[in-house]
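Spelled out from the first residue to the last, the chains are:
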Amino acid sequence: MTQSYDLLVLGSGPAGSAAAITAAQAGLSVALIDKSAFPRDKLCGGGLTGRSVRYMAEVFGMTPDTALFLPSTQFRLTFAGRVIGHEAEAPVLQMTMRRDFDAALHVRAQSSGVTVFAPVKLSQIDTDAPSVTLSDGRCLRGRILIGADGANSAVARALYGRAFDPAEIGFGLEVELDRELTEDNTTEIDLGAAHWGYGWVFPKNGSITLGVGGVHAKNPDMKAHFRNYLAQHAPQFDAEKLRCKGAFLPFGAYRKTPGRGPVLLAGDAAGLVDPITGEGIAWAMKSGQFAGQAAAEALQSGTPPMAAYMARLGYIHREMAAARRIRALIYATPVRNYFPGAVERNPSMTRSYLRLLAGDLDYADLGHRVLWRIARRLGGTMLRRPA
Ligand SMILES: Cc1cc2nc3c(=O)[nH]c(=O)nc-3n(C[C@H](O)[C@H](O)[C@H](O)COP(=O)(O)OP(=O)(O)OC[C@H]3O[C@@H](n4cnc5c(N)ncnc54)[C@H](O)[C@@H]3O)c2cc1C
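Computed from a predicted structure; not experimentally measured.

Enquirer: Looking at this model, I keep getting lost on the pattern of salt bridges. Mind explaining?
Expert: Close approach of charged atoms lets side chains of opposite charge pair. The full count for this structure, using the stated rule, is 17 salt bridges. Its salt-bridge partner being arginine 99, residue aspartate 41 comes within 3.3 Å of it at the nearest N-O pair. Pair noted here: aspartate 41 is in the loop between strand E2 (30–33) and strand E3 (47–48) and arginine 99 is in helix H3 (residues 98–110), with a separation of 58 residues, a long-range link. With a relative accessible area of 53%, aspartate 41 lands in the exposed category. Here arginine 99 falls in the partly exposed class, since its relative accessible area comes to 35%. Among the charged side chains, a network of salt bridges with common partners joins Arg40, Arg98 and Asp102.

Enquirer: Help me out: how do you make sense of the site of the ligand in this one?
Expert: The local shell around the ligand holds 36 residues, among which Asp34, Arg40, Gly45, Arg98 and Asp268 are the closest. Between the ligand and glycine 47, the relevant distance is 3.0 Å, taken from a nitrogen atom to a main-chain nitrogen or oxygen of the residue. Relative to its unbound accessible surface of 1,000 Å², the ligand loses 91% to contact with the protein. When residues of the shell around the ligand are traced back to their parent elements, those giving at least two are helix H1 (14–25), strand E14 (197–203), strand E16 (245–249) and helix H6 (281–301). When residues of the shell around the ligand are assigned to their parent elements, the largest contribution, three residues, is made by E16.

Enquirer: How should I be thinking about the confidence of the model for the chain in this particular structure?
Expert: Reading fine detail from the predicted coordinates is not recommended where pLDDT is low. Mean pLDDT for the chain: 92, with 95% of residues reaching 70 or above. Taken as a whole, residues 380–387 scores under 50 in pLDDT and shows seven contacts with residues more than four places along the chain or in a different chain.

Enquirer: When you look at the domain arrangement of the chain in this model, what are you seeing that I'm missing?
Expert: A common way to express how large an interface is: the accessible area buried when the components associate. On domain assignment, one finds that the chain holds domain 1 (2–52 + 98–166 + 253–322) and domain 2 (334–382). Of note, the centres of domain 1 and domain 2, computed from C-alpha atoms alone, are 34 Å apart. The partner domain 2 presents nine residues to the 10 residues of domain 1 that form the contact. It is Arg51, Thr277 and Glu319 that lose the most area in domain 1 upon contact with domain 2, and together they represent 51% of the buried surface on that side. Applying the counting criterion to the domain 1 and domain 2 interface returns zero salt bridges. Broken down by secondary-structure element, the contributors of at least two residues to the side of domain 1 that touches domain 2 are helix H2 (50–60) and helix H7 (305–330). In terms of residue count, H7 provides more of the side of domain 1 that touches domain 2 than any other element does, three residues in total. In the side of domain 1 that touches domain 2, the residues fall into three nonpolar, three polar and four charged.

Enquirer: Which parts of the structure should I look at to understand the sheet that holds E16?
Expert: Consider a sheet: its strands pair through backbone hydrogen bonds, and that pairing is either parallel or antiparallel. Strand order in the open sheet formed by seven strands is E6-E5-E13-E14-E15-E12-E16, with mixed pairing between adjacent strands. Bordering the open sheet on either side are strand E6 (82–87) and E16, each of which pairs with just one other strand. Pairs of neighbouring strands in the sheet enclose a mean axial angle of 20 degrees, with direction left out of account. Direction of pairing for strand E12 (residues 170–178) relative to strand E15 (residues 207–215): antiparallel, over a ladder of nine bridges. Paired with phenylalanine 171 across the strands is glycine 214, a residue of E15. The strands touched by helix H8 (residues 333–345) are strand E5 (74–79) and E6; relative to E6, the strand with the most contacts, the crossing angle is about 45 degrees.

About the thresholds
- Residues numbered from 1 in each chain as written.
- Predicted model: local features only at pLDDT ≥ 70, side-chain atom pairs only at ≥ 80, totals over all residues.
- Heavy atoms only, no water.
- Salt bridge = Lys/Arg side-chain N within 4 Å of Asp/Glu carboxyl O.
- Helix = DSSP H or I, 4+ residues; strand = E, 2+ residues; numbered from the N terminus.
- Buried < 20%, exposed > 50% of the residue type's maximum accessible area, 1.4 Å probe, protein only.
- Near = heavy atom within 4 Å.
- Polar contact = N/O pair within 3.5 Å; in protein donor to acceptor, adjacent residues only side chain to side chain.
- Areas by Shrake-Rupley, 256 points an atom, 1.4 Å probe, with all protein chains shown as cover.
- pLDDT = per-residue confidence, 0-100.
- Contact = heavy atoms within 4.5 Å.
- Domains from an automatic or database assignment.
- Buried area = accessible area lost by both parts, 1.4 Å probe.
- Nonpolar A, V, L, I, M, F, W, Y, C, P; charged D, E, K, R; others polar.
- Pairing = 2+ DSSP bridges.
- Axes fitted to C-alpha atoms, helices over the stretch in contact; angles between N-to-C directions.

Written out as structure tokens, the structure is:
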């Protein structure tokens, strides 16, 4: 049995729900397909930056109410346990559990008139038709397919043979700790907890999330980094006995052309995770919205959707590319050695990091500052500050 829609969206995380609601609001008939029933768990720090909160409001009409979010306004930057920056009144970070957050987005998408198929198992994806066949034999056909099915995207595998480049992918390990351990609502980022990555302590309403993550190839023993970071914060726990979980994240390995023909990729499936901060929720919602808009525009004009999508993605891709260049610089050994001390001596660097997280500063701005500091450090006082 075949059912036809204007648009098929595979995956109902932040990217898929954003694509589905945007396309439905533009008048398209949309099938939203997920392997899980909602609510479902998703391994993630659950930290929403100011940018994420803006996109959540724009796409889903939602504000960060206290039932779903814990606002954190105290921030601590550390390096291997040493405090190098502290802000008592940082731009607010909204902390949530992805199980509840994703379910709320999914319900919003569903109530916009989208037809939901979840939980379902796929037996085939045809990226030319495009269509997906479910394990019960039903075939869902669309004029356009959006793959928003995460880091290990089945749609990306159908297009390219593999979902990501193992040399580029990031990996994170996390555990939820008892909220009663502390009443402190400070968010912590530790830039020395892993190579080409960091450790984090995120306070939540019902728990505290502690994790480490970074480029997988640079951290062959991420578990050891996790054990060290856990021992710094909660030495009473044995890492081996905790329910610690791991997941991949496409840490800045974005696809220059995300999709082909009638297929677009969004969110993690398109590799849209910030290579320095690991932020992915904002870019998932924004790219999902762009993919939904591009689908509507393409069906109206009778043109392939990729051109309309690429025209919208430009800013995100420029940010990802700039962040990758900065990352290669700040993690290079000579700079990495001087970086913690430099941050400690210059509180403005912690504030810049926070403004970046808040979305008030972008990598194009930050790139010039970072380059200037590094050049001054390496070149001594001979250099003059650029006008
Ligand atoms: C350890 C860790 C910590 C992180 N912390 C943060 C953070 O604090 N803040 C932040 O902004 N980002 C964080 N991220 C990144 C963030 O989790 C992702 O970037 C974000 O979830 C991407 O959203 P998405 O919709 O693209 O994919 P996902 O959220 O992964 O959603 C994909 C959906 O597709 C479905 N799916 C997958 N395969 C199939 C299939 N074959 N058939 C049907 N459905 C399928 C899944 O069930 C899921 O619902 C973190 C990531 C990790 C791994």
